[in-house]
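# What the coordinates show
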Amino acid sequence: MSTESTHKMDFIREIVAEDIASGKHATIVTRFPPEPNGFLHIGHAKALCISFGVAQDVNAGRLGEGKATARTHLRMDDTNPVKEEKRYIDAIHADVKWLGFDWGEHEYYASDYFEQLVAWAELLIGAGKAYVDDQTGDEIRATRGTLTEPGKASPFRDRTPEENLDLFARMKAGEFADGSRVLRAKIDMAAPNMNLRDPVMYRVLHAVHPHAGDKWCVYPMYDYAHGQSDWIEGITHSLCSLEFEAHRPLYDWFVDAIMDAGGHPRLPAPGAPVTDELRKDRPRQIEFARLNLTYTVMSKRRLLALVNDKHVAGWDDPRMPTLSAMRRRGYPAEAIREFADGIGLSKRNQTIDLARLEFHVREHLNKSAERRMAVLDPLKVVITNYPDDTVEHMDAINNPEDEGAGTRKVPFSKVLYIEREDFMEDPPKKFFRLGPGREVRLRYAYFVTCTDVIKDAAGNIVELHCTYDPATKGGDAPDGRKVKGTLHWVSAAHALDAEVRLYDTLFTQENPDDVEEGKSWTDQINPDSLKTITAKVEPAMKTAKAGTTVQFERTGYFCVDPDTEDGPLIVNRTVTLKDSWGKQQGK
RNA sequence: AGGCCCGUAGUUCAAUUGGCAGAACGCCUGAUUCUGGUUCAGGAGGUUCCAGGUUCGAUUCCUGGCGGGCCUGCCA
């Protein structure tokens, strides 16, 4: 009995399980094929979790009852040098690793297959299934037809294989200018699927490639390169998003056409026949719905625009949905994986509530993040009956969810800061915090009672006077009396200043595309998505290293920003704590 | 308009392949709590897109509608 029955299944895992059960595959190979033209985002995390997750499930015996092994390749889908850059390749490596996936030695580049791809293209030309077209881009577009009308054949469609071979060789040799000629597959100009109306296989591009250098003047299109790259690597299940559904017939057409012409990546010897057995050795493309999140955009084009138009500080600005941004913001990789695994897999377009991602972030951080006290909006408090020069070091628990995290000392003295919103001069009954004559607990310290409210000439509250009860040291009253509220605080003399970056959603609408006539998604950008303040934090934060996330009690989780390395403490708010009081106030 | 794909709580997914429609997140209530956090207990929320048909019985099968998505780059 396998654990399969108890494990979460989806339509892709069912297909893989069947393919193992039927003996179709003894080795399952999946792949993650990013184009290095931007940074990976949370949508890629979903794809990563699916392709790596399927392989992990196979290896763990959860899929296919241990009758197969599996691996996952990382492949740069680098067929368009004008958009791709080395720095994106580096960022992809870092992000995939950070998320927790290991491709081992299986790192590949589509550009490493260009030689083979060209050889197969020549095979197709020889078989009369591809031709060089001298039409301009505009002409090709104009003759492609529409959704309801068939296209028109190119005047160059019936060139001889010899002529095509010669022309293609000269394209490769760099004899022709960019855009002057393309190699097209000869399929069907009347096909209802537009992708089959003689799609372009190669274009002339005199561009330096980030991986292949200046070796090539022709570059293959996605449709011609992707399926064949899968095939070369022995990918069994090529998992991609829904918009490639209409490309699947073409994906299969190229494989069939190459085999019909005598090609196969695993021919035992040059010129050997493509046997029925070899014919079964081919990849299968399966599509699933890509991830959308509320209050953000996910397309790389738009993310690039946000960066280029300076709406954010960069690809790793913590407001971005990129993995590098989430890392910088303090989202744990494990939370992102749990999120991705939990949202399900289907063919329906999905938009997930941001709240669901935040749930996983809080769930993980609640268990792992140490607690600290920090006052974001300081209000001075003087404990009038506390000795002037005394400092006490209070014991504070680092993480109530993790006993192993231990305790620390927090200095307490006569002058403190508390949160401005923790005091109300005329509080309603449900307000459990400080008010004139009210007693509250200062966490890990004493019960205090507010005796005086000091205001400036304009009537603004600038200071509070309180008395403390020495018998309540540590936070408990020996007489058993209770207080409704517990406040966080810092000692003014010991507090550190910290720059705190408070983030809100990058867009004001759940769906940034939901706009009135004449407006665009960029009009929905939230002008208050970043607020920078200076907070007072307890001295234990002095040693906090970049990348560590702590919980500031009662306010939220905060991650030390890498900018801290060369200056004062800077923290990013990862996510707020759930706030039933604030919610109640909001309505 | 032509082709392909998809319609189940607010959202994302289940429903042992024809047998009493469930879960998670979100929302609401209560208990607990030295974080208005956590934890625990409970609640609201469904014409399974619609209409026919087959069947003792349909979310599931059939037919026809309706709604949504994708496709007319020398992007991926």
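Here goes a summary of the coordinates provided. Each chain carries its own residue numbering, running from 1 in the written order of its sequence. To read the labels, note that chains go from A and ligands from 1, taken in the order they are written. Two thresholds apply to this predicted model, a pLDDT of at least 70 for residue-level local features and 80 or more for giving and counting side-chain atom pairs, whereas whole-chain, interface and lining totals are computed over all residues. Derived side-chain values reflect all non-hydrogen atoms in the structure, with water molecules and hydrogen atoms excluded from consideration.

Our next topic: the layout of surface pockets. Using only the protein atoms, space was sampled on a 1 Å grid; points where a 1.4 Å probe fits but cannot get out form cavities, open sets with protein on both sides within 12 Å along at least five of seven lines form pockets, and lining residues are those with an atom within 4 Å of a point. Grid points are joined across faces, edges and corners, and a volume is the space filled by probe spheres set on the points. Taken as a whole, the largest pocket spans an internal volume of roughly 1100 Å³. Lining the largest pocket are 34 residues, with Glu35, His44, Phe244, Arg290 and Lys300 sitting closest to its centre. Here a strand is any run of E in DSSP of at least two residues, a helix any run of H or I of at least four, and the numbering for each starts at the N terminus. At the level of elements, β1 (27–32), α2 (42–59), α7 (222–233), β8 (237–241) and α10 (300–308) are the ones that each hand at least two residues to the lining of the largest pocket. Across the lining of the largest pocket, the residue classes tally to 14 nonpolar, ten polar and ten charged. Considering the residues around the second largest pocket, the lining is formed by 28 residues, among which Glu421, Arg433, Arg554, Asp579 and Trp581 are closest to the centre. The element best represented in the lining of the second largest pocket is helix α14 (residues 580–586), accounting for four residues. Put simply, Ala, Val, Leu, Ile, Met, Phe, Trp, Tyr, Cys and Pro go in the nonpolar bin, Asp, Glu, Lys and Arg in the charged bin, and everything else, Gly too, in the polar bin.

So, about empty space enclosed by the protein. Applying the stated rule across the entire model yields one cavity of 30 Å³ or more. Lining the largest cavity are Tyr222, Asp223, His226, Gly227, His247, Tyr251 and Gln285. If you tally residues by element for the lining of the largest cavity, the top one is α7, at four residues.

Below, the discussion takes up the packing of aromatic side chains. Geometry of aromatic contacts follows a simple scheme: Phe, Tyr and Trp rings, the Trp one being its six-membered ring, pair when their centres are within 6.5 Å, and the pair is stacked under 30 degrees between planes, edge-to-face over 60, tilted otherwise. Scanning the entire structure with this criterion turns up 21 aromatic pairs. Consider the rings of Tyr88 and Trp315, whose centres lie 6.1 Å apart with planes at 80°: the pair is edge-to-face. Pair noted here: Tyr88 is in helix α3 (residues 86–99) and Trp315 is in the loop between α10 and α11 (323–329), with a separation of 227 residues, a long-range link. An identical accessibility class is assigned to Tyr88 and Trp315; each is buried. Seen from their ring centres, Phe114 and Trp216 are 5.7 Å apart, and the 85° between their planes marks the pair as edge-to-face. Taken together, the residues Phe114 in helix α4 (residues 114–126) and Trp216 in the loop between β6 (200–204) and β7 (218–220) connect sequence positions 102 residues apart. For the pair shown, Phe114 and Trp216 are each scored as buried. Among the aromatic side chains, those forming a connected cluster through ring pairs are Phe168, Tyr202, Tyr224, Trp253 and Phe254. Buried, partly exposed and exposed residues are distinguished by accessible area as a fraction of the type maximum, computed with a 1.4 Å probe on protein chains only: under 20%, between the cut-offs, and over 50%, respectively.

A few words on the protein's contact with RNA strand B. Near RNA strand B, the surroundings consist of 65 residues, among which Ile343, Arg348, Arg371, Gly474 and Lys583 are the closest. If a single non-hydrogen atom of a residue is within 4 Å of a molecule or strand, that residue counts as near it. A share of 62% is what sugar and phosphate atoms reach among the atoms of RNA strand B within 4 Å of the protein. Here a sugar or linking oxygen of RNA strand B sits 3.5 Å away from a polar atom, N or O, in the side chain of Glu35. Any pair of nitrogen or oxygen atoms within 3.5 Å is treated as a polar contact; in protein, a donor-acceptor pairing is required on top of that, and neighbouring residues in sequence qualify only through side-chain atoms on both sides. Between RNA strand B and the protein, one listed contact pairs a phosphate oxygen with a side-chain N or O atom of Arg554 at 2.7 Å. Where the surface near RNA strand B is concerned, the elements lending two or more residues are α5 (137–142), β6, β11 (350–352), α13 (354–368) and α14. Per-element accounting of the surface near RNA strand B gives the leading share, four residues, to α13.

By themselves, these observations are geometric and do not establish any function.
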